[in-house]
Structures are given as C-alpha cells and as structure tokens.
Amino acid sequence: EEEFKWLLQEEVHAALKQLQDILKEASHRFTLPVSGSGGAVKQENFVLSTLGTDQVKGVLTLQGDALCQADINLKMPRNNQLLHFAFREDKQWKLQQIQDARNHVNQAIYLLTNRDVNYQFKTGSEVLKLMDAVMLQLSRARNRLTTPATLTLPEIASSGLTKMFTPALPPDILVNFYINLNKLCLTVYQLHVLQLSTTKNFKPAGGSILHNPGAMFEFGNQRYEVSHVHKVECVVPWLNDALVFFTVSLQLCQQLKDKISVFSSYWNYRPY
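Here is a short report on the structure shown in this document. (Residues numbered from 1 in each chain as written. Predicted model: local features only at pLDDT ≥ 70, side-chain atom pairs only at ≥ 80, totals over all residues. Heavy atoms only, no water.)

1. With respect to the overall build of the protein
Threshold: Numbering of helices and strands runs from the N terminus, with a helix taken as a DSSP run of H or I at least four residues long and a strand as a DSSP run of E at least two residues long. As defined in this context, the radius of gyration uses C-alpha atoms, and a globule is described by 2.2 Å times the residue total to the power 0.38. Only protein chains enter the accessibility calculation, which uses a 1.4 Å probe. A residue is then buried if its area is under 20% of the maximum for its type, exposed if over 50%, and partly exposed in between. For accessible areas, the Shrake-Rupley method is used with a probe of radius 1.4 Å. Any residue's cover is judged against the shown protein chains and nothing else. Asp and Glu count as negative and Lys and Arg as positive, but His and the ends of the chain are not part of the count. The atoms used to mark charge sites are NZ of Lys, CZ of Arg, CG of Asp and CD of Glu.
Each helix and strand counted, the protein has five helices and ten strands in total. Against the 2.2 N^0.38 benchmark of 19 Å for 272 residues, the protein shows a C-alpha radius of gyration of 25 Å, more extended than a compact globule. Residues classed as buried in the protein amount to 41% of the 272 residues present. Surface exposure of the protein reaches about 14600 Å², of which carbon and sulfur atoms provide 51%. Counting 27 positive and 24 negative side-chain charges, the protein places the centres of these two groups 5 Å from one another.

Here's what the structure looks like:
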C-alpha cells in the first residue's frame, strides 16, 4: 500500500514531467523560430527529386505548416517540352496534416499540465484514464503525419491548389502536396481527354492517396484518364524528430500504465 501511494504521489508526477518535456520539444519542432526573432517561423528550402528520373524537379519553401513558395519544372514525356510553374507571390498552401498534428500535441501537453505537481492522484484508474487521453492525442498526431488523406481526382482538380500557380496550370495537369511520415511529397498527374465516342469503358476512380496511370474521372463535363504519374519527395528532418518524440512518449505512457496495472491487479486480488 505504501509503495502504491509513493507511485501515485512521486513516480507518476516524475513520469508526467518527463512526458511534458518531450512533448514540448516535439511542439517546438512544428514552429522553428527564426534565430533571435521570437515570433517569426523560419523558412526552409527543400529540393524535390526522385532517383533515376528528371521528369519533375522542384524547390519547396516550408514555413511551419505552410508551403510559402513552390518552384517546379516538369518535362512532358510526349514531346520533352519543359514547363515551369511557381506559386503566385500572394499565395501560401496550408498543410493541414502538420497543423492538425501540432494541435494534437498541444492538446496532450494541456492534459498533462492540468495535473501539476500539487495534484494528488487518488486512484490508479485516474492515472490510467489520463494516460489513455494523452495516448489518444499522440496517436492522432502520429496518424496525421503517417496517413495522408485519400482524395478522388475531381477533389484534387477542384482544390484551391490548382489556382496557386503562375503561369496557371494547363487543364491536363493536376498536382497534390501531402506529408507521408517524415517526407513532403508532390504528385503530378498528366491527363488526356477521353473522347465521348471512345469505346473504352468509363469507370471513375475512387479516393486514393496516389492514383495510378489508367485512373479515370469526370470533371467540368469532361472525361479524363491519367496517362503519367510523377511522385517526388524530400525528407523534412524535424518531422522525423517529431515522429521519434511521439514514439518515445507513447512508450512512456504505456510503461506507466503497466506499472499502475500491476499494482491495481495486486490490490484487487490480494488475499484477505
């Protein structure tokens, strides 16, 4: 009984403090400040490339959860014509995955700071409940980075991203940006128009993270088929750090739950 009291009053708070420190580090990764400027978030440039192909090349500028610049060169396979697109100066593209992951981390920190060192845990189940709530937020944060949204091709075609470029994207090009684990990814779809008289069976593609050549869809009273797909990506080191912090934090939560459970089961089944 004394040992269990000590666990609730001392060891639990030590573990919560350790968790808070790790999660604050994770939260800081999402908003890397410009050195000495306090509020502003640092801009970072990343070069997009894929081994063995130069069909798509580009440089992306990331500022926290926003792509503030994108400069892309696309070599068309049909005629090797080189197309160049860049974000308009007045446009930024919010990466919702990063924004959501950061919000979940901050929610986990909030749950932990609500139980400061002066708080007295009365029961093991109270600690287990807190750990479950924190783990839920951390799992959601991790899942936002590891599981990009599944989108249909019409959803990609109608997204605001298509209107961000200068010169404007031609109607036979679609682009999509997303986060996958620690990588920032760009997918470029080249399309060809399906003639209404075509004998090909038209079967619209459903939602997917990445659509393959041959996928068909209808948009703006026109039917299209994907002829080529190019995916380029770059590693974002601080996203990797954040994922490591999530894993370590989840392990710490689980270890604390296991300790509490051992004591609780002993408490429930001890001989009278």
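From this point on, the discussion continues.
2. Focus on empty space enclosed by the protein
Using a probe with the size of a water molecule, rolled over the atoms, empty space left in the structure can be pinpointed. Worth spelling out the cut-off: A cavity here means a set of points on a 1 Å grid, drawn over the protein atoms and nothing else, where a 1.4 Å probe fits but cannot get out; a pocket is an open set with protein on both sides within 12 Å along at least five of seven lines, and a residue lines either one if it has an atom within 4 Å of a point. Grid points are joined across faces, edges and corners, and a volume is the space filled by probe spheres set on the points. In this count, Pro and Cys sit with the nonpolar residues alongside Ala, Val, Leu, Ile, Met, Phe, Trp and Tyr, while Asp, Glu, Lys and Arg are called charged and the others, Gly among them, polar.
For the coordinates displayed, the defined rule picks out one cavity of 30 Å³ or more. If you go around the largest cavity, the residues you meet are Ile 72, Leu 74, Phe 85, Leu 169, Ile 173, Val 175 and Val 188. Looking at the lining of the largest cavity, the elements that each hand over two or more residues are β3 (66–75) and β7 (173–180). Here the lining of the largest cavity is composed, by residue class, of seven nonpolar, no polar and no charged.

3. With respect to helix α3 (residues 124–146)
Every α-helical turn comprises 3.6 residues, leaving residues that sit three or four positions apart pointing alike. Our working rule: The length a helix should cover is 1.5 Å for every residue beyond the first.
The end-to-end C-alpha separation of α3 is 32 Å, in line with the 33 Å expected for 23 residues at 1.5 Å each. Three or more residues of α3 are buried, namely Gly 124, Glu 126, Val 127, Leu 130, Met 131, Val 134, Met 135, Gln 137, Leu 138, Ala 141 and Leu 145.

4. Quick notes on the nonpolar core
Where a protein is soluble and globular, its nonpolar side chains tend to be buried together. Operational definition: Only buried residues count toward a nonpolar core. Its members are Ala, Val, Leu, Ile, Met, Phe, Trp, Tyr and Cys residues joined through side-chain atoms within 4.5 Å. Only heavy atoms matter for contacts: two residues are in contact if any of them lie within 4.5 Å across the pair.
Judged by nonpolar contacts, the single largest core of 66 residues is most densely connected at Leu 16, Phe 30, Met 131, Phe 165, Phe 177, Leu 186 and Phe 246. Not counting residues within four places of it along the chain, the set of residues in contact with Phe 165 comprises Ile 72, Phe 85, Ala 86, Phe 87, Arg 88, Val 175 and Phe 177. Ranked by size, the runner-up nonpolar core spans ten residues in total, among them Ala 157, Tyr 189, Tyr 224 and Val 226.

5. Observations concerning the packing of aromatic side chains
Filter applied, for reference: Only the six-membered ring of Trp is used, alongside the rings of Phe and Tyr, when aromatic pairs are assigned; centres must lie within 6.5 Å, and planes under 30 degrees apart are stacked while those over 60 apart are edge-to-face, with the rest tilted. Charge over a ring is defined by NZ of Lys or CZ of Arg lying within 6 Å of the ring centre and within 35 degrees of the ring normal.
This model, assessed by the stated rule, comprises seven aromatic pairs. Note on Tyr 119 and Phe 121: the rings are 5.0 Å apart at their centroids and 75° apart in plane angle, and the pair reads as edge-to-face. Connected via pairs of aromatic rings, a cluster forms that spans Phe 85, Phe 87, Phe 165 and Phe 177. Above the face of the Phe 202 ring, Arg 223 is positioned so that its terminal group lies 4.0 Å from the ring centre.

6. Observations concerning the pairing of strand β9 (residues 216–219)
Quick reminder of the rule: Here the rule is simple: two strands pair whenever DSSP picks up at least two bridges between them.
Pairing between β9 and strand β10 (residues 222–235): four bridges, direction antiparallel. Residue Phe 219 lies in a different strand from β10, and its bridge partner there is Gln 222.

7. Some remarks on the environment of Glu 25
Put simply, the rule reads: Throughout this description, a polar contact denotes any pair of N or O atoms lying within 3.5 Å of each other; where both atoms belong to protein, one of them has to be capable of donating a hydrogen while the other can accept it, and for residues adjacent in sequence the pair is counted only when both atoms sit in side chains.
Tracing the backbone through its elements, the reader meets Glu 25 in helix α1 (residues 2–30). Accessibility expressed as a relative area gives 35% for Glu 25, which makes it partly exposed. Once the C-alpha coordinates of Glu 25 and Asp 241 are considered, the two residues, 216 residues apart in sequence, prove to be 9.1 Å apart. In this structure the side chain of Glu 25 is engaged in a polar contact, spanning 3.0 Å, whose partner is the side chain of Arg 29.

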